[in-house]
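Descriptive analysis of the structure
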Amino acid sequence: MKRFLTILFFFAVLASFAQSPPFHVNGTATNRALGKPEAGVRIEVVQGGNTVVSTVTASNGKYELVGPVNYTQPFEVVFKKDGFVSKKISF
């Protein structure tokens, strides 16, 4: 029984190291020209050409992105809205 519990503990520790923390970013999108929060901005995390996580800003410009991102591979955070120039930040 002691050996079984030791092996179970070992695998539990390995499983906890194998998981990477989720990507979590929050903030406020602001229109610099007007100095006001911007509603309806689409924010996406793109990795390998695919959108991994996305959200749209609320009426007060606030957003929160939470999702799985592979930190060992490059990814981009893209801010876009019709009628505006998109902003892309690479990591």
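The shown structure was predicted, so the numbers you read here are calculated from the model rather than taken from an experiment.

**Overview of the overall build of the protein chain**
- Across its full length, the protein chain carries one helix and eight strands.
- Helices and strands appear in the protein chain in the N-to-C order α-β-β-β-β-β-β-β-β.
- Roughly 6,900 Å² of accessible area belongs to the protein chain as shown, and the carbon and sulfur atoms make up 60% of that amount.

**Regarding the layout of surface pockets**
- The computed volume of the largest pocket comes to approximately 340 Å³.
- Considering the residues around the largest pocket, the lining is formed by 14 residues, among which Thr30, Val41, Phe79, Val85 and Lys87 are closest to the centre.
- Looking at the lining of the largest pocket, the elements with two or more residues in it are strand E2 (30-31), strand E7 (76-80) and strand E8 (87-90).
- Here the lining of the largest pocket is composed, by residue class, of seven nonpolar, two polar and five charged.

**As for the side chain of Glu44**
- For Glu44, the position within the fold is in strand E4 (residues 42-47).
- The contacts of Glu44, once residues within four sequence positions are left out, are Thr51, Val53, Ser54, Glu76, Val77, Val78 and Lys80.

**Some remarks on the environment of Thr72**
- Mapping Thr72 onto the fold places it in the loop between strand E6 (62-67) and E7.
- A distance of 2.5 Å separates a polar atom in the side chain of Thr72 from a polar atom in the side chain of Asn70.

**Here's the deal with the nonpolar core**
- Core analysis: the biggest nonpolar cluster contains twelve residues, these being Phe23, Ala29, Val41, Ile43, Val45, Val53, Tyr63, Leu65, Val69, Phe75, Val77 and Phe79.
- Elements supplying a minimum of two residues to this core: E4, E6 and E7.
- Ignoring sequence-local partners within four residues, the contact set of Val53 consists of Ile43, Glu44, Val45, Leu65, Val66, Gly67 and Pro68.

**Description of the pattern of salt bridges**
- On inspection of all chains with the given rule, the structure shows three salt bridges.
- In this structure, the salt-bridge partner of Arg42 is Glu44, at a minimum N-O distance of 3.2 Å.
- Residue classification places Arg42 among the partly exposed residues on the basis of a relative accessible area of 33%.
- Looking at Glu44, the relative accessible area reads 10%, which means it is buried.
- Residues joined by salt bridges that share partners form a network here, namely Arg42, Glu44 and Lys80.

Procedures and definitions
Residues numbered from 1 in each chain as written. Predicted model: local features only at pLDDT ≥ 70, side-chain atom pairs only at ≥ 80, totals over all residues. Heavy atoms only, no water. Helix = DSSP H or I, 4+ residues; strand = E, 2+ residues; numbered from the N terminus. Areas by Shrake-Rupley, 256 points an atom, 1.4 Å probe, with all protein chains shown as cover. 1 Å grid on protein atoms, 1.4 Å probe; cavity = no way out; pocket = protein on both sides within 12 Å on 5 of 7 lines; lining within 4 Å. Points joined across faces, edges and corners; volume = space filled by probe spheres on them. Nonpolar A, V, L, I, M, F, W, Y, C, P; charged D, E, K, R; others polar. Contact = heavy atoms within 4.5 Å. Polar contact = N/O pair within 3.5 Å; in protein donor to acceptor, adjacent residues only side chain to side chain. Core = buried A, V, L, I, M, F, W, Y, C linked by side-chain atoms within 4.5 Å. Buried < 20%, exposed > 50% of the residue type's maximum accessible area, 1.4 Å probe, protein only. Salt bridge = Lys/Arg side-chain N within 4 Å of Asp/Glu carboxyl O.

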